[in-house]
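Residue-level listing of the chains:
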Amino acid sequence: MKTADELAVDGPIRRVLVANRGEIAVRIIHTLKRLGIESVLAVSAADRNSMGARLADRAVCIGPARATDSYLRIGTLIEAARGVGAQAIHPGYGFLSERAEFAAACEENGLIFIGPTAEQIERVGNKLEARRCAEQAEVPIAPGGQVDNLPAALEMAEQIGYPVLIKAVGGGGGRGLKRANTPAELSALFDLASSEALAAFGDGRVYVECFVTQGRHVEVQILGDGQSVIHLGDRDCSVQRRYQKLVEEAPAPHLSDAMRRDLHAAAVRFSKHINYRSLGTIEFLVDVARQRFYFLEMNARIQVEHPVTEQITGLDLVAEQIIVAQGHALRMKQADVRLTGHAIECRINAEDPTQDFRPAPGRLTAAHFPGWTDLRVDTHMEAGAMIPPYYDSMIAKVIATGSDREQARRLLESALADVRIEGVLTNIALHRAVLATPEFIEGGFDTGFLGRFLAGSGAAIFGQPATPPASPTASEGPRP
């Protein structure tokens, strides 16, 4: 079997425009450097002096600070890629990474989109179409369906039973997502959910789905080349607040061998059904009480939490993306994938704990992360760096790896005690408190865990109780 490095450079890609920012841009640039592929970073005016801009072989300014004037302008990015002589564009995650028109524009302009095809992005981006694909692939879906008006929603809810979720057809991240416990609540929330969905995604269509009271968010990483598909294990992302994942780990704890095999097989079936190419993640809701799982959605891109999968597989997922984008078949079979140890990741954000963890941009006056064995830090921040108000407030991802879950947890606990961030408020104290809770230590938490913690014992530590999450099916929210 050829190495990833050998295959990644065996093709037309010699220069890549990285159409993103922050830690994922730095992460991609590191792999490109190792492979000997030139990197050009597209930067807004706010990111001219960023770590990524210094690390890349070249940086090109694509517009003002606001994302709508820079990172979200397809034509500007295509023009930038062609202007610097890039053969490919890597979209990272967020921004335009799951916009079918961006992938299509790359193809139309002779550029390789390091990701799935435009058609695949379109299919899985529409939640109803994705549900149909899951049904066709014999992957379980949660009871529910599209509703065109309130009477239809009430009828659907009566059939599947309360509580129910109202969900946007055109997107995720919690926008347009409402929980209704009674017909009266459904009547009050239906139009609001539809209007939120329209404002966020340009599509006011919604569907009603059953609410799983005790659910876990488990996802499976897959890799396909358009013909073959393999899985790279699973992750648990149930520690969430405001529909945003905060702690992720691989493999997911407390899954039976049979459940794990079924999840992996379902993810591969779904991906094969659409002839998927590139990295992707199939997200499932595991009903703990009934020991069932349901398809939630597919994220057709690299995930924020991909490092925990890299840590237990030993693979460079960005390199694997590039291999497939070069037109190669998968370089490995399922039997070649080895899952070893356990990894846990915490997302460190600049947030104000006293204001319901509202983003707290500002300048870092100090930034220290321990450089220990089995500890990985993905960051784009350093002392003197500015966290602008225009984008998400992530400072770093701290990932601990151990021979088992408890070893990884203890290492992460110690590492967070040694992290020093000054100049901005952060959620480090929250992470340390969560890692020390009996529920997290035991590993039996569900998606309501963090809401319960913040409304209970956590309230004394972090100020006013946060509103408990409305849904256990929250997916990673889009970056602004």
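Residues numbered from 1 in each chain as written. Predicted model: local features only at pLDDT ≥ 70, side-chain atom pairs only at ≥ 80, totals over all residues. Heavy atoms only, no water.

### Looking at the overall build of the protein chain
Here is step 1: Looking only at helices and strands, the protein chain features 17 helices and 23 strands.
Here is step 2: In terms of overall dimensions, the protein chain is globule-like: its C-alpha atoms have a radius of gyration of 21 Å, near the 23 Å expected for 480 residues.
Here is step 3: Each of the three principal axes of the protein chain carries a C-alpha extent, and together these read 60 × 45 × 45 Å.
Here is step 4: When each of the 480 residues of the protein chain is scored for burial, the buried share is 60%.
Here is step 5: Taking the intrachain contacts of the protein chain between residues at least 6 apart in sequence as the baseline, contacts between residues at least 24 apart amount to 67%.
Here is step 6: Working note: accessible area of the protein chain is about 18200 Å², and carbon and sulfur atoms make up 48% of it. (Helix = DSSP H or I, 4+ residues; strand = E, 2+ residues; numbered from the N terminus. Rg over C-alpha atoms; globule rule 2.2 N^0.38 Å. Buried < 20%, exposed > 50% of the residue type's maximum accessible area, 1.4 Å probe, protein only. Contact = heavy atoms within 4.5 Å. Areas by Shrake-Rupley, 256 points an atom, 1.4 Å probe, with all protein chains shown as cover.)

### Overview of unusual backbone geometry
Here is step 1: Going from Tyr 162 to Pro 163, the amide bond is cis rather than trans, its omega being -5 degrees.
Here is step 2: Among the secondary structure elements, Pro 163 is positioned in the loop between α8 (150–160) and β7 (164–168).
Here is step 3: With an omega dihedral of -5 degrees, the bond running from Ala 250 to Pro 251 counts as a cis peptide bond.
Here is step 4: Residue position: Pro 251 is located in the loop between β12 (244–250) and α10 (257–273).
Here is step 5: Residue Gln 291 is not a glycine yet carries a positive backbone phi of 55 degrees.
Here is step 6: Counting through the fold element by element, Gln 291 comes out in the loop between β13 (277–287) and β14 (292–299).

### What about the side chain of His 217?
Here is step 1: You can see His 217 is positioned in strand β10 (residues 215–225).
Here is step 2: Using a relative accessible area of 0% as the deciding quantity, one classes His 217 as buried.

### Comments concerning the sheet that holds β7
Two pairing modes exist for strands in a sheet, parallel and antiparallel, and in both the strands are linked by backbone hydrogen bonds.
Here is step 1: Within the open sheet, the four strands sit side by side as β6-β9-β7-β8. Their pairing is antiparallel. The open sheet has two edge strands, β6 (144–147) and β8 (178–180), and neither has a second partner. Neighbour-to-neighbour, the strand axes of this sheet turn through a mean angle of 25 degrees, independent of strand direction.
Here is step 2: Across the sheet, α8 lies against β6, β7 and β9 (206–210), angled at about 175 degrees from β6, the strand it touches most.
Here is step 3: Each of β6, β7, β8 and β9 is contacted by helix α9 (residues 183–201), which is oriented at about 170 degrees to β8, the strand it contacts most. (Pairing = 2+ DSSP bridges. Axes fitted to C-alpha atoms, helices over the stretch in contact; angles between N-to-C directions.)

### Remarks on the sheet that holds strand β5 (residues 112–113)
Here is step 1: Read across the open sheet, the five strands follow the order β3-β2-β1-β4-β5; overall the sheet is parallel. At either margin of the open sheet sits one strand with a lone partner, and together these are β3 (58–63) and β5.
Here is step 2: Examined bridge by bridge, strand β4 (residues 88–90) and β5 share two bridges and lie parallel to one another. In the sheet register, Ala 88 faces β5, and the bridge partner there is Ile 112.
Here is step 3: Against the sheet, helix α4 (residues 74–83) contacts β1 (15–18), β2 (38–44), β3 and β4, and its axis sits at roughly 150 degrees relative to β3.

### Digging into the pattern of salt bridges
Here is step 1: Using the criterion set out here, one finds 38 salt bridges in the structure.
Here is step 2: Ionic pairing is found between Arg 15 and Glu 38, a salt bridge with its closest N-O pair at 3.0 Å. Of this pair, Arg 15 sits in strand β1 while Glu 38 is found in strand β2, placing the two residues 23 residues apart along the sequence.
Here is step 3: Look at Arg 15 and you get partly exposed, because its relative accessible area is 25%. (Salt bridge = Lys/Arg side-chain N within 4 Å of Asp/Glu carboxyl O.)

### Quick notes on the packing of helix α13 (residues 405–418) against helix α14 (residues 428–435)
Here is step 1: Relative to each other, α13 and α14 sit at 150 degrees, their axes nearing to 10 Å. Relative to α14, the element α13 is oriented roughly antiparallel. Of the two elements, α13 crosses α14, and the hand of that crossing is left-handed. For the pair α13 and α14, the contacting residues are Arg 409, Leu 412, Glu 413, Leu 416 and Ala 417 in the first and Ile 428, His 431, Arg 432 and Leu 435 in the second.
Here is step 2: Its residues assigned to classes, the contact of α13 with α14 comprises five nonpolar, one polar and three charged. (Parallel < 35°, antiparallel > 145°, perpendicular 65-115°, else oblique. Left-handed = near helix turned anticlockwise from the far one by under 90°. Nonpolar A, V, L, I, M, F, W, Y, C, P; charged D, E, K, R; others polar.)

### Thoughts on the side chain of Gln 240
Here is step 1: Tracing the backbone through its elements, the reader meets Gln 240 in strand β11 (residues 229–241).
Here is step 2: Only 3.1 Å separates the side chain of Gln 240 from the side chain of His 217, close enough to count as a polar contact. (Polar contact = N/O pair within 3.5 Å; in protein donor to acceptor, adjacent residues only side chain to side chain.)

### Brief notes about the nonpolar core
Here is step 1: Counting residues in hydrophobic clusters, the biggest one holds 95 residues, and the most contacted among them are Leu 17, Phe 102, Phe 270 and Phe 284.
Here is step 2: Once residues within four sequence positions are removed from consideration, Phe 270 is found in contact with Val 124, Ala 130, Cys 133, Ala 134, Ala 137, Val 139, Ile 282, Phe 295 and Met 298.
Here is step 3: Formed by 38 residues, the second largest nonpolar core is a distinct cluster that contains Ile 344, Met 381, Leu 411 and Ile 421. (Core = buried A, V, L, I, M, F, W, Y, C linked by side-chain atoms within 4.5 Å.)

### Let's talk about the environment of Ser 97
Here is step 1: Relative to the assigned elements, Ser 97 resides in the loop between β4 and α5 (100–108).
Here is step 2: Apart from the residues within four sequence positions on either side, Ser 97 is in contact with Pro 91, Gly 92, Phe 113, Ile 121, Ala 300 and Arg 301.
Here is step 3: Separated by 2.8 Å, the side chain of Ser 97 and the backbone oxygen of Gly 94 make a polar contact.

### Considerations on the confidence of the model for the protein chain
Here is step 1: Overall, the predicted model of the protein chain reaches an average pLDDT of 92, with 96% of residues at or above 70.
Here is step 2: Below pLDDT 50 for its whole length, residues 465–480 participates in 64 contacts with residues either more than four positions away or in separate chains. (pLDDT = per-residue confidence, 0-100.)

### Section: the environment of Ala 180
Here is step 1: With respect to the helices and strands, the residue Ala 180 is situated in strand β8.
Here is step 2: Placed ten residues apart in sequence, Ala 180 and Phe 190 show a C-alpha to C-alpha distance of 9.0 Å.
Here is step 3: If sequence neighbours within four positions are ignored, Ala 180 has contacts with Tyr 162, Pro 163, Val 164, Glu 185 and Leu 186.

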